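Survey of secondary and tertiary structure
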Amino acid sequence: MSTHSNNDPAKVILGFLEDLVRIPTVYPPGNTQAISAYLHATLAALGYATKTYAAAPGLDNVIARMGAGRPSLVFNAHVDTVGTGDPTLWTHPPLELSVKNGYCFGLGAANCKGSAAVQLWLAAELARRGGPRRGEVVFTFVTDEESLGQHGMYALREQGLIRPDMLLLGAPTANAVINAERGVLWAQVTTTGRPAHAGAPERGDNAIARMMRVLQHLTARMEVLLKDRTDGDMCSTFNIGQINGGTNTNVVPARCSVQIDRRLLPGESVEEAFAEIESIVRSAGEPRAAVCVEQLRGTDGFRSIAAELVESLCAAITTVTGDPASFASAIGVSDGRYFAADGIEIVNFGPGEGSEGHASNESVSIDSLRSSAMILERMVGALMGYRDEPGHLPRD
C-alpha cells in the first residue's frame, strides 16, 4: 500500500481500514494476534521502533515510537470489537469493508478501527516527513478495551512501556474534543435460597423472587439518588445489564445473580459508589447471609488539564473545518482513565459518531475520516514539528 502523501488522505485511510476490518478481533476473547502482526509489520516497515507486548496469551498490543526524549505524545486506538449480534440485522458483511454513499460499513468501522486507520495514515505521514523535530511520537494499538480489562493500555502503563506527557485516544467523537470522562463501576449482586420441586415451591426458598425484591428496592432508591447528579452534559447512571438464575423450570432456584453498570461523574469515586449500592441492597430487608454484593471492577472518572495538546488540537480543527472546536461528553469510558492520576493531558478525539459503536451496520463517513486525519496532521506539526520541514516548527 502506498503511503505517499497527497492532498486527500482518504484513499490510503480506506486501504488501511479495509485491512483492519477484515481481521476479526471480537471480544470475547478479544484475540489480537493476527491484527497485531499486521500492525507491527506495517509500522516497522515505516521505520518505527516497534514492539508487540502481551500481558495475557492472545491479547497482543503494539507500541511503535519515533523520535526520543520529552515530550512524549502518545496516540492510542483499541482494535478489539464487540460481536456482531444478530447477523440478520446486518445488510453489509460485518468483516468486509463496504463503501456506499460516502460511508464505510463494517464491524469496528467507527469503534475504533476507523481511528486506527487514521492513526496509521498519520504514522506514515510522520515517517515520510522525517519524524518529530522534538520529543517522541508513540502509536499504541491495544486490545481488552471492550471488556474494561487490564491487558491493554493498563498493562502498557504498568509495565512502563509508555510514559505520555500528552495522550490522544482515538474514539468516535465526530471529531469533537472530549477531555472529561465519567468513571465506571461494575458490581454483582447474588441472592441464594433453597432448592425444591416446583410442584411444592413452599418447601423451597426462591432466590429469583428474592432478587426481584432486592432489585425493586435498589432501582427505586437509585432513581431518586441519581436524578440530580449531573456535571454539564454528564450524568450519573445505573443499569442492570445481566441476570442469571435457576437450573431448570421445574426447580425452585437456589441462586440468582445480576451484574450492574454504574457510571460516575468525575467528582464521584468507585469506592463511594460501591458503598452506596451495598448499603441500599442491605436495607432491602433480606437475610444478610442470603445476599452477597461484590465489586467486579471500576475506575474513577477524570477532568483532564487543558494545555498545549487541547490548544493545538482546537486550532487545527478550526483551520481544517473553518469552525470553532466543539467539546462533547463521552457515553462510554476510554483507556485514558488509567492515566487520570498522572497529571497529563488526556483527550478523546476521532472520526465517527458514538452512536454507531456496537450497532448493526456500524459505519463511519469518509468525510469524517478525512477531516480527522487532516486535523491530527496539523496538530502534530504544531506540537512536535516535522524534522524534514523547517517550516513546520513546534510550539515553544
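Notes on the structure in this doc start here. Just so we're clear, the structure is a prediction, and the values are computed from it rather than from any experiment. (Residues numbered from 1 in each chain as written. Predicted model: local features only at pLDDT ≥ 70, side-chain atom pairs only at ≥ 80, totals over all residues. Heavy atoms only, no water.)

**Some points on the sheet that holds strand β7 (residues 166–170)**
Our working definition: DSSP calls a pair of strands paired once it identifies at least 2 bridges connecting them. In this text, helices come from DSSP runs of H or I with a minimum length of four residues, and strands from runs of E with a minimum of two, each type numbered from the N-terminal end. Comment: axis = line fitted to C-alpha atoms, over the contacting stretch for helices; angle = value between 0 and 180 degrees taken between N-to-C directions. Contact criterion: two residues are considered in contact whenever any of their non-hydrogen atoms come within 4.5 Å of each other.
Overall, mixed pairing links the six strands, which are arranged β1-β2-β6-β3-β7-β16 in an open sheet. Across the chains shown, the open sheet's two edge strands, defined by having one partner strand only, are β1 (49–54) and β16 (345–349). Averaged over all neighbouring strand pairs, the angle between strand axes comes to 20°, with direction disregarded. Set on the sheet, helix α2 (residues 33–45) makes contact with β1, β2 (60–67) and β6 (136–142); between it and β2 the angle comes to about 10°. Each of β2, β3 (72–78), β6, β7 and β16 is contacted by helix α3 (residues 113–128), which is oriented at about 150° to β6, the strand it contacts most.

**Focus: the layout of surface pockets**
Selection rule: Here a cavity denotes grid points, spaced 1 Å and computed from the protein atoms alone, that fit a 1.4 Å probe unable to get out, and a pocket denotes an open set having protein on both sides within 12 Å along at least 5 of 7 lines; residues with an atom within 4 Å of a point are the lining. Grid points are joined across faces, edges and corners, and a volume is the space filled by probe spheres set on the points. Any residue that is not Ala, Val, Leu, Ile, Met, Phe, Trp, Tyr, Cys, Pro, Asp, Glu, Lys or Arg is counted as polar, Gly included; the first ten are nonpolar and the last four charged.
Taken as a whole, the largest pocket encloses approximately 1,000 Å³ of empty space. Within the residue set of the lining of the largest pocket, elements represented by two or more residues are β3, β7, β9 (183–192), β12 (237–245) and β13 (255–264). Looking at the lining of the largest pocket residue by residue, the class counts come to 18 nonpolar, 16 polar and six charged.

**Comments concerning empty space enclosed by the protein**
With the rule as written, the count across this model stands at one cavity of 30 Å³ or more. In this structure, the largest cavity is lined by Thr81, Val82, Leu107, Gly108, Asn111, Glu146, Gly357, His358 and Glu362. Considered class by class, the residues forming the lining of the largest cavity number two nonpolar, five polar and two charged.

**As for the side chain of Ser372**
Rule in force here: Relative accessibility decides the category of a residue: with a 1.4 Å probe and only protein chains considered, values under 20% of the type maximum give buried, values over 50% give exposed, and everything between is partly exposed.
With respect to the secondary-structure elements, Ser372 resides in helix α8 (residues 366–383). A relative accessible area of 1% places Ser372 in the buried class.

**Things to note about the packing of aromatic side chains**
Going by this rule: Side-chain rings of Phe, Tyr and Trp (the six-membered ring for Trp) are treated as a pair once their centres are within 6.5 Å; stacked means planes under 30 degrees apart, edge-to-face means over 60, and tilted covers the remaining angles. Lysine NZ or arginine CZ positioned within 6 Å of the ring centre and within 35 degrees of the ring normal marks a charge as sitting over the ring.
Scanning the entire structure with this criterion turns up three aromatic pairs. Ring centres of Tyr48 and Phe139 lie 5.8 Å apart, and the angle between their planes is 80°; on these two criteria the pair is classed as edge-to-face. Taken as a pair, Tyr48 in the loop between α2 and β1 and Phe139 in strand β6 lie far apart in primary sequence, 91 residues in all. Each member of the pair, Tyr48 as well as Phe139, is classed as buried. Residue classification places Phe139 among the buried residues on the basis of a relative accessible area of 0%. One aromatic cluster is present, built from ring pairs that chain together Tyr48, Phe75 and Phe139. A cation sits over an aromatic face here: Arg129 above Tyr386, 4.0 Å from the ring centre.

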